Amino acid sequence: MISKRIVLHFPRDLVSEPTISRLVKKYDLECNILRANITPRQVGIMVLGLKGGNKQYKDAIVYLKSLNITVQPLSQDVTWNEDLCTDCGACVTICPTEALTKDPNTQKVRFDKDACIGCELCIPACPMGAMEVHF
Ligand code: SF4
Ligand code: SF4
């Protein structure tokens, strides 16, 4: 069993296609759309949680890539710029997954990319612009 969060970049010609429902039927995966920005005839972006068998997951990724959909792991998309960070802690209180935490000894902020779900709550919360999302 595998559980992953991925970011899909859809090419223009696929935006109107029911790609995700085909994915569910074809590979028996549990799909959870975490975020989507898809406009007809425009390039689309979707953050997707996928759960299911290892082989089915790998086959589904091959299928998505065969359609010219770019697949990225979610954790690549949100970055923390340590140089800009003043350790104010505003993002720590807002982060729902504790991807951003404060070291209790040093009071320095730490970012755990693996725990980040890309919800973007920290982006407007940061007064220094230290949290960035990249698509
Ligand atoms: S994007 Fe969401 S989960 Fe990731 S660090 Fe920011 S607040 Fe936390
Ligand atoms: S809100 Fe910005 S400046 Fe404050 S601790 Fe978080 S990343 Fe650092």
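Bear in mind that the values here come from a model prediction, so they are computed numbers and not experimental data. All chains use their own residue numbering, which begins from 1 and follows the written sequence. Throughout, the order in which chains and ligands are written sets their labels, letters from A for the former and numbers from 1 for the latter. A pLDDT threshold of at least 70 governs which residues receive local features in this predicted model, and a stricter bar of 80 or more applies before side-chain atom pairs are shown or counted, although totals over entire chains, interfaces and linings include all residues. Where side-chain values are given, they derive from all heavy atoms of the structure, hydrogens and water being excluded.

Caption draft 1: Structural context of the site of ligand 1. Looking at ligand 1, the residues that line it are Cys95, Pro96, Thr97, Ala99, Leu100, Phe111, Cys116, Ile117, Gly118, Cys119, Glu120 and Cys122. Residues are sorted three ways: Asp, Glu, Lys and Arg are charged, Ala, Val, Leu, Ile, Met, Phe, Trp, Tyr, Cys and Pro are nonpolar, and all the rest, Gly among them, are polar. Partitioning the shell around ligand 1 into residue classes produces nine nonpolar, two polar and one charged. The criterion for a residue being near a molecule or strand is simple. One of its heavy atoms has to lie within 4 Å of it.

Caption draft 2: Summary view of the packing of aromatic side chains. Here a Phe, Tyr or Trp ring, Trp counted by its six-membered ring, pairs with any other such ring whose centre lies within 6.5 Å, and the pair is stacked when the planes are under 30 degrees apart, edge-to-face when over 60, and tilted otherwise. For the structure shown, the criterion picks out one aromatic pair. Taking the centre distance of 5.7 Å and the plane angle of 50° together, the rings of Tyr27 and Tyr63 count as tilted. Residue Tyr27 is located in helix α1 (residues 19-27), and its partner Tyr63 is located in helix α2 (residues 54-66); the two are separated by 36 residues in the primary sequence. In this structure, Tyr27 and Tyr63 share a single accessibility class: buried. Counting from the N terminus, the helices are DSSP H or I runs at least four residues long and the strands are E runs at least two residues long. Relative accessibility thresholds used throughout: buried, under 20% of the residue-type maximum; exposed, over 50%; partly exposed, between the two (1.4 Å probe, protein chains only).

Caption draft 3: Molecular detail of the domain arrangement of the chain. Bear in mind that the domain bounds are from an automatic or database domain assignment. By the assigned domains, the chain splits into domain 1 (2-75) and domain 2 (77-133). For domain 1 and domain 2, the distance between their C-alpha centroids amounts to 27 Å. Only heavy atoms matter for contacts: two residues are in contact if any of them lie within 4.5 Å across the pair. Residue-level contacts link seven residues of domain 1 with nine residues of domain 2. Reported buried area values correspond to the accessible surface (1.4 Å probe) lost by two parts on association, with both partners' losses combined. The junction of domain 1 with domain 2 conceals about 680 Å² of combined surface from both sides, 33% of it contributed by carbon and sulfur atoms.

Caption draft 4: Representation of the sheet that holds strand β2 (residues 30-37) within the structure. In this description, strands pair whenever DSSP reports at least two bridges between them. Sheet architecture is open: four strands sit in the order β2-β3-β1-β4, paired in antiparallel fashion. The open sheet has two edge strands, β2 and β4 (70-73), and neither has a second partner. The average angle at which neighbouring strand axes cross in this sheet is 25°, direction not considered. Pairing between β2 and strand β3 (residues 44-52): seven bridges, direction antiparallel. By the bridge assignment for β3, Glu30 is matched with Lys51. Lines are fitted to the C-alpha atoms to define the axes, a helix being fitted only along its stretch in contact, and any angle between axes, read from their N-to-C directions, falls within 0 to 180 degrees. Helix-sheet contacts for α2 involve β1 (2-10), β3 and β4, and the interaxial angle to β1 is about 5°.

Caption draft 5: Structural detail: the environment of Ile20. Within the secondary structure, Ile20 sits in helix α1. Judged by relative accessible area, which is 13%, Ile20 ranks as buried. Measuring from C-alpha to C-alpha, the distance between Ile20 and Ile33 comes to 9.2 Å, with 13 residues separating the pair along the chain. With residues up to four places along the chain from it excluded, the contact list for Ile20 reads Leu8, Phe10, Cys31, Met46 and Leu48.

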